[in-house]
Amino acid sequence: REHLRGMGVEYITSSRNGAEFEADMERFLDGERLDVVLNSLTHDGYISRSMRLLKPGGRFVEIGKRDVLTDQEARDNFPEVRYHLLATDTIAEQEPDRFH
């Protein structure tokens, strides 16, 4: 964390503890909500924790592969959020020029 602070990074949290992450993010946001979450974490309730940080109409982009929500689960639990699965490995394979 000190290294990041030395680089001028103001907001730093950890993905090792979901409750701590969520509390830190709530404090950083100070009542505001996010437009986009790019996620790859499924342990410790990270999907739900991160979905709750989005504003209505916000986008949750999942790049993980395991234990992700189905479109129906996302709609049922977070109807105000747009949920997208993004298979970056497939895109890289099908469109390699985009990754140079």
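Quick note: structure is the one above.
In this report, the structure presented in the accompanying data block is examined.

**Focus: the sheet that holds strand 3 (residues 82–85)**
Spatial ordering of the open sheet is given by 1-2-3, a layout of three strands whose pairing is parallel. Each end of this open sheet is capped by a strand with a single partner; those strands are strand 1 (34–39) and strand 3. When the angles between neighbouring strand axes are averaged without regard to direction, this sheet yields 15°.

**Overview of the pattern of salt bridges**
Scanning all chains against the criterion turns up eight salt bridges. Here E22 makes a salt bridge to R52, at a shortest N to O gap of 3.1 Å. Residue E22 is located in helix 2 (residues 18–29), and its partner R52 is located in the loop between helix 3 (46–51) and strand 2 (54–62); the two are separated by 30 residues in the primary sequence.

Scoring rules and cut-offs
Residues numbered from 1 in each chain as written. Predicted model: local features only at pLDDT ≥ 70, side-chain atom pairs only at ≥ 80, totals over all residues. Heavy atoms only, no water. Pairing = 2+ DSSP bridges. Helix = DSSP H or I, 4+ residues; strand = E, 2+ residues; numbered from the N terminus. Axes fitted to C-alpha atoms, helices over the stretch in contact; angles between N-to-C directions. Salt bridge = Lys/Arg side-chain N within 4 Å of Asp/Glu carboxyl O.

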